[in-house]
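This is what each chain is made of:
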Amino acid sequence: MPNTNMLAGIVLAGMTACAVALPALADGGQVTVDLVNKVDGSEIMTLNTDHVKAGSVDFEVKNSSTNMVHEFLIVKTDMTFDQFPIDPQDPSKVDENKLAGVKELNTDLDPGKAGKLVIDLTPGRYVVFCNQPGHFAGGMRQVFTVE
């Protein structure tokens, strides 16, 4: 006859091992993004992290500017910033039509407003950026890695 205390211990140990293994399988997580224009004309995009695990990622985006509209886009790419295609109709913007798989927040953000983009990301290198006129060139862009 099996020892019930021993069986309970084995089951408990197996459950504990499973519980410990689960966090390694967790989805990407949450990324906070802050968009700010400076008085010198430069544009800043800050992220609370520059990498996450693959899976569902929540981008919490806030426009902390007091007088400019911003937007938030993400694209998986190995291009450097200087390789991004420029819009022939508006040379102050990136030509989004020439970038495959661009995703973006469903609305532009007025000063002080916030929005959320939830997206499933696969491993790779991404660029997040604002594509309001002059903002990409002004520095409102970051490289973002998904592991």
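Along each chain, numbering runs from 1 in the same order as the chain's sequence is written. In keeping with the model being predicted, local features are shown solely for residues with a pLDDT of at least 70 and side-chain atom pairs are shown and tallied solely at 80 or more, while totals for entire chains, interfaces and linings include all residues. Excluding hydrogens and water, the side-chain values take into account all heavy atoms of the structure.

(A) Region of the structure containing the overall build of the protein chain. Numbering of helices and strands runs from the N terminus, with a helix taken as a DSSP run of H or I at least four residues long and a strand as a DSSP run of E at least two residues long. A tally of helices and strands in the protein chain yields 1 helix and 9 strands. Ordered by position from N to C terminus, the α and β elements of the protein chain give α-β-β-β-β-β-β-β-β-β. Burial here depends on accessible area, computed with a 1.4 Å probe over protein chains only, as a share of the maximum for the residue type. Under 20% is buried, over 50% is exposed, and the range in between is partly exposed. Taken across its 147 residues, the protein chain has 31% of its residues classed as buried.

(B) Broad picture of the packing of aromatic side chains. Stacked, tilted and edge-to-face are the three classes applied to pairs of Phe, Tyr and Trp rings, where Trp contributes its six-membered ring and a pair requires centres within 6.5 Å; stacked means planes under 30 degrees apart, edge-to-face means over 60, and tilted covers the rest. If you walk through the whole model with that rule in mind, you get 6 aromatic pairs. Between Phe-84 and Phe-129 the ring centres are 5.8 Å apart and the planes differ by 75 degrees, which places this aromatic pair in the edge-to-face class. One end of the pair, Phe-84, is in the loop between β5 (73-76) and β6 (103-104); the other, Phe-129, is in strand β8 (residues 124-129), with 45 residues separating them in the sequence. Phe-129 gets classed as buried once you look at its relative accessible area, which sits at 0%. Put simply, the rings of Phe-81, Phe-84, Phe-129 and Phe-136 pair up and form one aromatic cluster.

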